[in-house]
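Examining the three-dimensional arrangement
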Amino acid sequence: MPAAIPGIHHVTAIGSDPGRNLAFYTETLGLRLVKRSVNQDDVSVYHLFYADHEGSPGTSMTFFPYAGARPGRVGTGQVATTQFLIPDGSVDYWTDRLAEEGVDHDEPRERFGDAVVPLRDPDGLPLELVARSDAPEGNPPKGPVPAEHAIRGFFGVTLSLTSADPTANLLKTMGYDRTGSERDRRRYEADGDLGSVVDLVERPQGPPGQPGAGTVHHVAFQVTEETQSEWRDVLIEQGLRPTEVIDRKWFKSVYVRTPGGVLFEFATKEPGYTVDEELDALGERLVLPEWLEDRRDEIEAGLPALST
Ligand code: ZN
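First, a word on what this report is: a plain description of the structure on this page.

Reading the values: the criteria
- Residues numbered from 1 in each chain as written.
- Predicted model: local features only at pLDDT ≥ 70, side-chain atom pairs only at ≥ 80, totals over all residues.
- Heavy atoms only, no water.
- Phe/Tyr/Trp six-rings, centres within 6.5 Å; stacked < 30°, edge-to-face > 60°.
- Helix = DSSP H or I, 4+ residues; strand = E, 2+ residues; numbered from the N terminus.
- Buried < 20%, exposed > 50% of the residue type's maximum accessible area, 1.4 Å probe, protein only.
- Arc of directions from axis to C-beta.
- Contact = heavy atoms within 4.5 Å.
- Pairing = 2+ DSSP bridges.

Under the defined criterion, the tally for this structure stands at 13 aromatic pairs. With centroids separated by 6.3 Å and ring planes inclined at 40 degrees, the aromatic side chains of phenylalanine 221 and phenylalanine 266 adopt a geometry described as tilted. One end of the pair, phenylalanine 221, is in strand E13 (residues 215-223); the other, phenylalanine 266, is in strand E16 (residues 263-271), with 45 residues separating them in the sequence. Side by side, phenylalanine 221 and phenylalanine 266 carry an identical accessibility label, which is buried. Members of the aromatic cluster, joined through ring pairs, are Tyr176, Phe221, Trp231, Phe264 and Phe266.

Here is the structure:
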């Protein structure tokens, strides 16, 4: 087997209004906009990346905000919930903050011994803040949330599946260990300190997820330049049909539709978000991969205004 996967690289979701999306993830959740680009498969739509200060793997939540997009439905065959990691002394800070900002959220609950705060973003995307004493200090964004309470990156994702076993077997192949179960939830963990958890929840009766605003498009796992093609071979041996390696400029990607219907990506940690911008200037201007640069005028004219 190739070297182990430490956890999530990024999660990509669909939003609607780009300005509202930007305001929620930067001003309310306090993440940093580390990349302002376009969907490489539809350049009329932004691709916005929110992360820690350095855009570290395991911290970036990214969006395709289609203005006026119809809401999707969260259901089976999807990432049902995206979980962020906060320090364990920060639950009261966050529940107060979410209430003050008028964010749709629930009272904290306990899961596997951790406090969990469920919330929804402005498009209804289900998120959770998971409080842990072992949250790494990390590189918190310099924003409205004090560093001591800042989101550290991902804790994990919850996948909703009509049948969990085929996806569980794939996770085991990827080096994940089953570490527990609680009610209808099975937990799998990789050996990393950010985004190392995948929870599986079985929902045999559905309903099936429908893509649209407020749903996750795919979850990406972190690999290296050396191991990516080996992982691709492993997926083929498992009877799956991964894409070729696709250059996304800030990482290289292989996508695969998993047996439970969830789209997985295997993304390299190299070269990272600072390959085309200085660390201090990340996210300030529209950046395009060089193969789109000669269309910049046309692309900029087709994008809605976006201010920070
Ligand atoms: Zn991706």
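Within helix H2 (residues 91-100) the residues assigned to the buried category are Val91, Trp94, Thr95, Arg97 and Leu98. Mapping the buried residues of H2 onto a view down its axis gives an arc of 165 degrees, with all of them on the same face. Exposed and facing more than 90 degrees away from the buried side of H2 are Asp92 and Glu100. As for H2, its buried residues are in contact with helix H1 (18-28), strand E5 (78-87), strand E7 (114-120) and strand E8 (126-132). In the segment just after H2, glycine 102 is the residue with positive phi, at about 70 degrees.

Our focus in this paragraph is helix H3 (residues 165-173). Buried within H3 we find Thr167, Ala168, Leu170, Leu171 and Thr173. Where H3 is buried, its residues meet strand E9 (153-161), strand E11 (185-189), strand E12 (197-202), helix H4 (228-237) and E16. Glycine 175 occupies a position one or two residues after H3 and carries a positive phi of about 95 degrees.

Our focus in this paragraph is the pairing of E16. Bridge analysis of E13 against E16 gives five bridges, and the strand direction is parallel. What sits directly across from phenylalanine 221, in E16, is phenylalanine 266. The pairing of strand E15 (residues 251-257) with E16 spans six bridges and is antiparallel. By the bridge assignment for E16, arginine 257 is matched with leucine 263. As consecutive antiparallel partners, E15 and E16 are separated by five residues, and within that stretch glycine 261 has a phi angle of approximately 100 degrees, a positive value.

Once that is clear, we can look at the sheet that holds strand E14 (residues 246-247). Think of a sheet as strands paired side by side through backbone hydrogen bonds, with each pair either parallel or antiparallel. Taken together, eight strands build an open sheet; the order of strands is E2-E3-E4-E1-E13-E16-E15-E14 and the sheet is mixed. Edge strands, defined here as strands with exactly one partner in the open sheet, are strand E2 (32-39) and E14.

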